[in-house]
Amino acid sequence: MSNEQLDQLRGKLDQVNLEILDLINKRAELVQEIGQVKDKQGANRFDPVRERAMLDLITDHNNGPFENSTLEALFKEIFKASLELQEDDHRKALLVSRKKKPDNTIIDINGEKFGDGEQHFIMGPCAVESYDQVAKVADAVKKQGLKLLRGGAFKPRTSPYDFQGLGLEGLQILKKVADEFGLAVVSEIVNPADIEKAVDYIDVIQIGARNMQNFELLKAAGEVDKPVLLKRGLSATISEFINAAEYIISKGNGNIILCERGIRTYEKATRNTLDITAVPILKQETHLPVMVDVTHSTGRRDLLLPAAKAALAIGADGVMAEVHPDPAVALSDSAQQMDIETFNRFMAELKK
Ligand SMILES: [Mn+2]
């Protein structure tokens, strides 16, 4: 074969490549149009029956030299890429996304502006046990110049036989103490029906890891005018976490603080594995403030300070940790709560 012949054939091949390119993009545009129609109908984007019919049409008309199985694999890739194109369009439209709103959402809670680039802290006991217990912690929190107090009144526990919290009485104690010390209250709500009465007692609705995909609770939290602190589920991907926040904002409440609290992995040295890079990813993908809960991610008192330093260094808007006047007798999470003295040292180190 002469070089001239080879050049000619290569020229034809380039031409065919460009035609395929043109067709593939034409196909993508059609798929996007179909996606918009399906969106209006609320129909699923992926339709396996339709996909099978398309593959059958292709293989029925196949005269070779490619095998049917090869063509199916090739076209399957094209189908997948088109579907992903639709999903990209959708991600662009998420209300929590940076693409939708480039500026940081700043949430003012008791004068603390979460998302303003400064560092914020939410401290308090794991569970509300008594007025005295909460008041001691509130006193220490206030002396550190902090403005928010956390405390659990409804405790979703792994075992139904573990302490379940004081419920409404716990919220009343929190409210009383918080008023006395000029603090705002962050507390977990587990039941959508409790939200309406809880808003009288708390300043921030916490949705815990075990409820991150409790969609009715997310929607209920989205319908009230209170900031929401949403924790990442124990086995949730970042995408699932972001979509959980989307449930809240889609109902009208955009005051959401995301909280990384560690995910479940095979590692047993810590209670969970702190996914520290989730912080910058969430900051890039969304406009919401992002916090790190160092207590539940590590489950170890000796790791609270280094984990908090890492969180702030990587760009978290704040740190959450648990403080108890006497952790040894705490009704929950006794192994990882700080006593007041440790808490004071912890804060002093972080403020350096
Ligand atoms: Mn706890």
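Residue positions are given per chain, counted from 1 along the sequence in the order it is written. Under the rules for a predicted model, residues below a pLDDT of 70 receive no local features and side-chain atom pairs below 80 are neither given nor counted, while totals for whole chains, interfaces and linings still include all residues.

Enquirer: Any chance you could explain the overall build of the protein here in plain terms?
Expert: Think of it this way: any DSSP run of H or I at least four residues long counts as a helix, any run of E at least two long counts as a strand, and we number them from the N terminus. Looking only at helices and strands, one finds 12 helices and 10 strands in the protein. Over its C-alpha trace the protein gives a radius of gyration of 26 Å, far above what one expects of a compact globule, namely 20 Å for 352 residues. By its C-alpha atoms, the protein is 90 × 45 × 40 Å across when sized along the principal axes. Exposure is read from a count of other C-beta atoms within 10 Å of each residue's own; the residue is exposed at 12 or fewer, buried at 20 or more and partly exposed in between. C-beta atoms are placed from the backbone. Counting the 352 residues in the protein, one finds 36% classified as buried. For the purpose of contact definition, each residue receives a C-beta atom placed from its backbone, and two residues are in contact when these atoms lie within 7 Å. Long-range pairs, those at least 24 residues apart, make up 65% of the contacts in the protein with a sequence separation of at least 6. The globule rule used here is 2.2 Å times the number of residues to the 0.38 power, and the radius of gyration it is set against is calculated over C-alpha atoms.

Enquirer: Would you explain the nonpolar core in this entry?
Expert: Side chains that are nonpolar tend, in soluble globular proteins, to be buried together. Residues of type Ala, Val, Leu, Ile, Met, Phe, Trp, Tyr and Cys that are buried and joined through C-beta atoms within 7 Å form what is called a nonpolar core. Membership of the largest hydrophobic core comes to 79 residues, with the highest contact counts inside it found for L230, A245, L258 and V319. Counting residues per element, this core draws most heavily on helix α8 (residues 238-249), which supplies seven residues. Among all residues touching V319, those that are not within four sequence positions of it are F121, M291, V292, V294, A308, A311 and L312.

Enquirer: Could you clarify how one ought to interpret the environment of A310 in this entry?
Expert: Checked against the element boundaries, A310 lands in helix α11 (residues 304-313). The spatial distance from the C-alpha of A310 to the C-alpha of V292 is 9.7 Å, given a sequence separation of 18 residues.

Enquirer: Hey, could you run me through the packing of α11 against helix α12 (residues 340-351) in this one?
Expert: Working note: a packed helix pair is described by the angle between its axes plus the distance between those axes. Where α11 meets α12, the closest approach of the two axes is 10 Å, and the angle between their N-to-C directions is 30°. Compared by their axis directions, α11 and α12 come out roughly parallel. Regarding α11 and α12, the two cross each other, and that crossing is right-handed. Packed against α11, whose contacting residues are L304, L305, A308, K309 and L312, the element α12 presents F346, E349 and L350 at the interface. Each residue receives one of three labels: charged for Asp, Glu, Lys and Arg, nonpolar for Ala, Val, Leu, Ile, Met, Phe, Trp, Tyr, Cys and Pro, and polar for the others, Gly being one of them. A per-class count over the contact of α11 with α12 returns six nonpolar, no polar and two charged. Lines fitted to C-alpha atoms define the axes here, with helix axes fitted over just the stretch in contact, and angles between the N-to-C directions of these axes take values from 0 to 180 degrees. Angles are sorted into four bins: roughly parallel if under 35 degrees, roughly antiparallel if over 145, roughly perpendicular if 65 to 115, and oblique for all others. Helix crossings fall into two classes, left-handed where the near helix is turned counterclockwise from the far one by less than a right angle and right-handed where it is turned clockwise.

Enquirer: Please explain the packing of helix α4 (residues 131-143) against helix α5 (residues 168-181) as it appears in this structure.
Expert: Between α4 and α5, the least distance of the axes is 10 Å, while the angle of their chain directions is 35°. Note that α4 runs across α5; the crossing there is right-handed. Where α4 approaches α5, its residues Y131, V134, A135, A138, D139 and K142 are matched on the opposing element by I173, L174, K176, V177, A178 and F181. Counted by class, the contact of α4 with α5 contains nine nonpolar, no polar and three charged residues.

Enquirer: Please explain the environment of K26 as it appears in this structure.
Expert: Summarising the element assignment, K26 is placed in helix α1 (residues 3-41). A tally of 10 C-beta atoms within 10 Å means that K26 is categorised as exposed. Sequence separation between K26 and A153 is 127 residues; the distance between their C-alpha atoms is 57 Å.

Enquirer: What's the story with unusual backbone geometry in this structure? I'm lost.
Expert: Most peptide bonds take the trans configuration, and most residues that are not glycine carry a negative phi. Backbone torsion omega between G64 and P65 reads 10°, so that peptide bond is classified as cis. Despite not being glycine, N110 shows a phi value in the positive range, around 55°. For N110, the position within the fold is in the loop between β1 (107-109) and β2 (112-114). Here D333, not a glycine, exhibits a phi torsion of approximately 50°, which is positive. Inspection of the secondary structure assignment puts D333 in the loop between β10 (318-322) and α12.

Enquirer: What exactly am I supposed to notice about the environment of I173 here?
Expert: Relative to the helices and strands, I173 is located in helix α5. What makes I173 buried here is the crowd of 22 C-beta atoms within 10 Å. Expressed as a C-alpha distance, the spacing of I173 and D132, which sit 41 residues apart in the sequence, is 9.4 Å. Once you skip the residues sitting within four places of it in the chain, I173 turns out to touch V128, Y131 and V134.

Nothing here speaks to function; it is all geometry.
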